[in-house]
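What follows is the residue order along each chain.
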Amino acid sequence: MKEKGISLLEMRQRNTRKVAALFLAPVTILLIVFILYPIIDTFITSGYQWNGISSAKEFIGFENWKTLLTDKNFWIAFRNNLVIMVLSIVIQIPIGLALATFLDFGGKKLTIFKVICFVPLLMSSVAIGFLFTYALATNGGIVSTISGWFGGGNIDLLGNPKTALLTVIIVICWQFTPFYMVYFMAAFTNIPYDVFEAARIDGATRGQYFWRIALPLLVPSMKSAAILSMVGSLKYFDLIYVMTGGGPGTSTELMATYMYKQSFKNFNMGYGSAVAGGMFILISMVALITMKLLKGKEEA
């Protein structure tokens, strides 16, 4: 059937494209205004010497980028981001999987534990930062108090460059492990119950079912969780800024906190934009390499 030389199938396809364009337009506009434009403007601003306030801008080309390449503090911040990334993946994903497995096997009788375990994720990072700052305070903090009970002195975990980064990583893991718990619980629901019943009929224990059947089926979800943890760790900011401000020294400095200090404390918006641009490039490179490696393993 044709109308004015156009087939019914072509008319439906054209109408579908129009409707799709109509619904995608608001999202596309938001992505352009709040993501694409800021990225482009960041790279443009990185070519200027500008305090971020005055209207006067001095174009200096790639000078900010040259400084960035030799900036020791920036590369220390990048190293700290990598440490957080690795330890977050190593700690959060196994614990999240273990909690999800425990709660999945426990069924409805463990519902109260699901709620309790999920509480840290409901709190804002700023609130958690202040909470643990007071809890870990040198004078009157939980750790120092417990140490005093056993005859020890005050312990300064956040003020010691050797322990500050590990301390904030533990707090980060405490906050975000519930996310991966819920993520893996959702992944468990995607495994057909018939598979579990067949394993039980064949005499498999719960441990054998998990290690030999469930875990291999959860591998794609674990890879996705690793990518989420990796990207989140590389752009982390708020909790660490509240707890340590990047200190003591540069022991907990991250790329995001370093960018903030350069832009809004030192009023060097041009160099801060270069730091943000470097952060964008490094995160993209790490994410692409990781996804390539994971994809390569799947194909192998």
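Worth saying up front: this structure is predicted, and the values here are computed from it rather than measured. (Residues numbered from 1 in each chain as written. Predicted model: local features only at pLDDT ≥ 70, side-chain atom pairs only at ≥ 80, totals over all residues. Heavy atoms only, no water.)

### With respect to the overall build of the chain
Across its full length, the chain carries 12 helices and four strands. The C-alpha atoms of the chain give a radius of gyration of 25 Å, which is well past the 19 Å a tight globule of 300 residues would have. A burial count over the chain gives 37% of its 300 residues as buried. Within the chain, residue pairs in contact and separated by at least 24 positions form 67% of the contacts whose partners lie at least 6 positions apart. Per element, the accessible surface of the chain, about 17,900 Å² overall, is 69% carbon and sulfur. Positive and negative side-chain charges of the chain, numbering 24 and 15 respectively, have mean locations separated by a distance of 3 Å. (Helix = DSSP H or I, 4+ residues; strand = E, 2+ residues; numbered from the N terminus. Rg over C-alpha atoms; globule rule 2.2 N^0.38 Å. Buried < 20%, exposed > 50% of the residue type's maximum accessible area, 1.4 Å probe, protein only. Contact = heavy atoms within 4.5 Å. Areas by Shrake-Rupley, 256 points an atom, 1.4 Å probe, with all protein chains shown as cover. Lys, Arg positive; Asp, Glu negative; His and termini not counted. Charge placed at Lys NZ, Arg CZ, Asp CG, Glu CD.)

### Observations concerning the pattern of salt bridges
Under the definition given, this model contains two salt bridges. In this structure, K66 engages E63 in a salt bridge whose closest nitrogen and oxygen atoms are separated by 3.6 Å. Remark: E63 and K66 occur in helix α2 (residues 63-69); sequence separation between them is three residues, near one turn of the helix. Overall, the relative accessible area of 40% leaves E63 in the partly exposed class. (Salt bridge = Lys/Arg side-chain N within 4 Å of Asp/Glu carboxyl O.)

### Focus: the side chain of Q175
Counting through the fold element by element, Q175 comes out in helix α7 (residues 164-189). Apart from the residues lying within four places of it in its own chain, the contact partners of Q175 are P120, L121, M123, S124, S125, I128, Y236 and L239.

### What to know about the environment of M85
If you trace the backbone, M85 turns up in helix α3 (residues 72-106). On the basis of relative accessibility, which here comes to 12%, the residue M85 falls in the buried class. Taking the C-alpha atoms as reference points, M85 and M230, 145 residues apart in sequence, are found 5.3 Å from one another. With near-sequence residues (within four places) excluded, M85 lies in contact with M230, S233, L234 and V286.

### Here's the deal with the state of the cysteines
This structure, assessed with the given rule, holds zero disulfides. Looking at C117, it has no disulfide partner, and the nearest cysteine sulfur is the one in C173, 15 Å off. C173 gets classed as buried once you look at its relative accessible area, which sits at 5%. (Disulfide = S-S within 2.5 Å.)

### A short note on the packing of aromatic side chains
Within this structure, the stated rule accounts for 18 aromatic pairs. Between F105 and Y209, the ring centres sit 6.3 Å apart and the planes meet at 45 degrees, which makes this aromatic pair tilted. Residue F105 is located in helix α3, and its partner Y209 is located in helix α9 (residues 206-234); the two are separated by 104 residues in the primary sequence. A relative accessible area of 23% places F105 in the partly exposed class. On the basis of relative accessible area, Y209 is assigned to the buried category, the value being 5%. Judged by centre distance (5.4 Å) and plane angle (45 degrees), the rings of Y260 and F264 are tilted. Taken together, the positions of Y260 and F264, both in helix α11 (residues 255-265) and four residues apart, correspond to about one turn of that helix. Its relative accessible area of 29% is what places Y260 among the partly exposed residues. Through pairs of rings, three or more aromatic residues link up here, namely F105, Y193, F196 and Y209. Between K57 and the ring centre of Y48, over which it is positioned, the NZ or CZ distance is 5.6 Å. (Phe/Tyr/Trp six-rings, centres within 6.5 Å; stacked < 30°, edge-to-face > 60°. Lys NZ or Arg CZ within 6 Å of the ring centre and 35° of its normal.)

### A look at unusual backbone geometry
A negative phi holds for most residues other than glycine; trans holds for most peptide bonds. For the peptide bond that leads from G247 to P248, omega is -5 degrees, which places it in the cis range. As for its placement among the helices and strands, P248 is situated in the loop between α10 (238-243) and α11. Even without being a glycine, F267 presents a positive backbone phi close to 50 degrees. Along the chain, F267 turns up in the loop between α11 and α12 (269-299).

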